[in-house]
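Coordinates in review
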Amino acid sequence: MSDHDFVSGGKPIGIERGEGPYLYTAEDTAYIDAGASFACTPLGHSHPAVVDAVQDQVGDLMFVDSSYPVQSREDAYASFVASTPDGLDQAWFCNSGTEANEAALKFARSATGESKIVAATRSFHGRTMGALAATWKDKYKKPYEPLAGDVAFVPYGDSEELAAAVDDETAAVILEPIQGEGGINVPPAGYLETARELTDDAGAALVFDEVQTGMGRTGSMWACQNAGVTPDILTTAKGLGNGLPVGAIAVGDWIADGAASHNATFSGGPVVTAAVHATVSTLVEEEWPAHAAEMGEYLTTELEAAIGDEVREIRGEGLLIGIELKRGANRAARDLAMNEQVLALPAGRTVLRLLPPLVIGEDDADQLVDALTAVVASDS
Ligand SMILES: *Cc1c(COP(=O)(O)O)cnc(C)c1O
């Protein structure tokens, strides 16, 4: 194996190509990707619609500054905005999830004239200075303090604590509709509605970070649609370009009208927006969110039957699934990879996270269930 940069842990499996939900080594050993691509490939690896769109765009035009209209950006803007909940009619493209959240916090501040941010315990919003300040884990934050801004943390899922924290000085409440990195935490029914009411009353912006939950994974295009709650600002990234680095923020009119100057050189570049348009329109036209709901239901039911008694809990929505193990998730993820050719992801110490491409079929789900059964059995 080659050397890695000084912050990424190297894994002993070299990946050479990908197709659908599978990743292949140079020796052509297939691994099912249930987390290796971090929710970044909802349509599966190197999906032909995205590959074709990107290849065409690379040949025509790789870059021009975002103040010049370019067809791929116009198309991506239209398909992305059409995919978001009604009322979020303006958008801005950026390069990553953390950058989308930086923009969200900035826009909330300028639109409200306030600066206080309310975030949740176990949240993850990214690693630049502003988004990091709204992220929960000390391990990510402590060495870099002091961070930007005035952030109060409240226990995720607790409506009363949220009510006590939001007031007239609040610029934004930022929440993941289901927490990803924090352990696949689904909030109790009514929690997101309460957040909506509280922010409305206080004149604050409600920000939903859908960087991980978005792009159809939870069975709707956006997880907030499952709860029927529309935020003032929705941020996304990860799967938006099916593997290319691109993020976006969709906002309501009052946020757009109150937004001060903000931009980035690579905002809405022609190549990444070609990927966005191909990804979003394929997801919507081929109804992959509904498939994710169906496969999520199938996989969760099968897992519950096979290992329900051996684990603490299986939870999530659609193909965003967390399995709370009785022991370490890192070891389970390693065993899955080394013994079962399944690549999964820990989310905290004891939670194993499954985030397969939305295009998995029942055979793939069965393979995941068999692999997890073997690993959980060998563990206890
Ligand atoms: C991954 C993630 C981010 C950060 O996205 P990057 O593209 O890594 O900056 C922010 N929020 C959530 C919910 C995420 O899962």
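Residues numbered from 1 in each chain as written. Predicted model: local features only at pLDDT ≥ 70, side-chain atom pairs only at ≥ 80, totals over all residues. Heavy atoms only, no water.

An unreviewed UniProt entry lists the protein under the name Acetylornithine/LysW-gamma-L-lysine aminotransferase, with Halostagnicola kamekurae as the source organism. Taken from UniProt, the Sequence similarities (unreviewed entry) comment for the protein reads in full: "Belongs to the class-III pyridoxal-phosphate-dependent aminotransferase family." UniProt annotates the protein under Cofactor (unreviewed entry) with the comment "pyridoxal 5'-phosphate". (UniProt positions renumbered as here; feature names shortened; annotations may be inferred.)

With that out of the way, let us pick up the side chain of Asn242. You can see Asn242 is positioned in the loop between β9 (233-236) and β10 (247-251). For Asn242, a relative accessible area of 7% puts it in the buried group. A polar contact is formed between the side chain of Asn242 and the backbone nitrogen of Leu43, at a distance of 2.9 Å. Engagement of the side chain of Asn242 in a polar contact is seen with the backbone oxygen of Gly44, the distance being 3.0 Å. When residues no more than four places from it in sequence are discounted, the contact partners of Asn242 are Cys40, Thr41, Pro42, Leu43, Gly44, His47, Val50 and Thr279. (Helix = DSSP H or I, 4+ residues; strand = E, 2+ residues; numbered from the N terminus. Buried < 20%, exposed > 50% of the residue type's maximum accessible area, 1.4 Å probe, protein only. Polar contact = N/O pair within 3.5 Å; in protein donor to acceptor, adjacent residues only side chain to side chain. Contact = heavy atoms within 4.5 Å.)

In this structure, the amide linkage connecting Glu145 to the following residue, Pro146, adopts the cis form with an omega of 5 degrees. Checked against the element boundaries, Pro146 lands in the loop between α5 (138-141) and β6 (150-154). With a phi angle near 50 degrees, Phe38 is a residue other than glycine that sits in the positive phi range. Assignment of secondary structure puts Phe38 in the loop between β3 (30-33) and α1 (48-60).

The next thing to look at is the nonpolar core. Core analysis: the biggest nonpolar cluster contains 77 residues, and Leu299 and Ile323 have the highest contact counts within it. Lining this core are residues from two domains, each supplying at least three of them: domain 1 (3-33 + 288-378) and domain 2 (48-285). Not counting the four nearest positions on each side in its chain, Leu299 is found in contact with Leu319, Ile321, Leu354, Ile360, Ala365, Leu368 and Val369. Ranked by size, the runner-up nonpolar core spans 21 residues in total, among them Cys94, Ala100, Ala205 and Ile233. (Core = buried A, V, L, I, M, F, W, Y, C linked by side-chain atoms within 4.5 Å. Domains from an automatic or database assignment.)

There is a patch of like negative charges on the surface, built from Asp86, Asp89, Asp253 and Asp257. On the secondary structure map, Asp89 appears in the loop between α2 (71-83) and β4 (90-94). (Patch = residues over 30% accessible without salt bridge, like charges linked within 9 Å, V, L, I, M, F, W, Y side chains within 5 Å. Areas by Shrake-Rupley, 256 points an atom, 1.4 Å probe, with all protein chains shown as cover. Salt bridge = Lys/Arg side-chain N within 4 Å of Asp/Glu carboxyl O. Lys, Arg positive; Asp, Glu negative; His and termini not counted. Charge placed at Lys NZ, Arg CZ, Asp CG, Glu CD.)

Turning our attention to the state of the cysteines. Overall, the coordinates contain zero disulfides when judged by the stated rule. Here Cys94 stays free of any disulfide, with the sulfur of Cys40 as its closest cysteine sulfur at 13 Å. Residue class for Cys94 comes out buried when judged on its relative accessible area of 1%. (Disulfide = S-S within 2.5 Å.)

It is worth spelling out the environment of Ile32 at this point. By the element assignment, Ile32 lies in strand β3. Residues Ile32 and Thr300, 268 residues apart in the sequence, show an inter-C-alpha distance of 17 Å. Setting aside its immediate chain neighbours within four residues, Ile32 contacts Pro21, Tyr22, Gln341, Val342, Leu343, Asp364, Gln367 and Leu368.

Here the focus is the pairing of β10. Successive residues of a regular strand alternate their side chains across the two faces of the sheet. Counting buried positions along β10 gives five out of five residues, so the element sits mostly inside the fold. Every second residue of β10 is oriented toward a common face, with Gly247, Ile249 and Val251 on one face and Ala248 and Ala250 on the other, all of them buried. Bridging between β4 and β10 involves five bridges; their strand directions are antiparallel. The partner of Gln90 across the bridge, within β10, is Val251. Note: β9 against β10, four bridges, orientation antiparallel. If you follow Leu234 over to β10, its bridge partner there is Ala250. (Pairing = 2+ DSSP bridges.)

Let us now look at the site of the ligand. Around the ligand, the neighbouring residues are Ser96, Gly97, Thr98, Asn101, Phe124, His125, Gly126, Glu176, Asp209, Val211, Gln212 and Lys238. In the environment of the ligand, a nitrogen atom lies 2.7 Å from a nitrogen or oxygen atom belonging to the side chain of Asp209. Compared with its free state, where it exposes 380 Å², the ligand has 81% of that area covered by protein. It is helix α3 (residues 97-112) that provides the largest number of residues to the shell around the ligand, a total of three residues. Along the lines of polarity and charge, the residues of the shell around the ligand split into two nonpolar, seven polar and three charged. (Near = heavy atom within 4 Å. Nonpolar A, V, L, I, M, F, W, Y, C, P; charged D, E, K, R; others polar.)

As summarised here, the arrangement of the four strands in space is β11-β12-β15-β14, forming an open sheet in which the pairing is antiparallel. Two strands in the sheet have a free side with no partner beyond their single neighbour: β11 (313-317) and β14 (345-346). Direction of pairing for β11 relative to strand β12 (residues 320-324): antiparallel, over a ladder of five bridges. Note that in β12 the partner of Ile314 across the bridge is Ile323. Relative to strand β15 (residues 351-354), helix α12 (residues 329-340) is tilted by about 45 degrees, and along the sheet it contacts β14 and β15. (Axes fitted to C-alpha atoms, helices over the stretch in contact; angles between N-to-C directions.)

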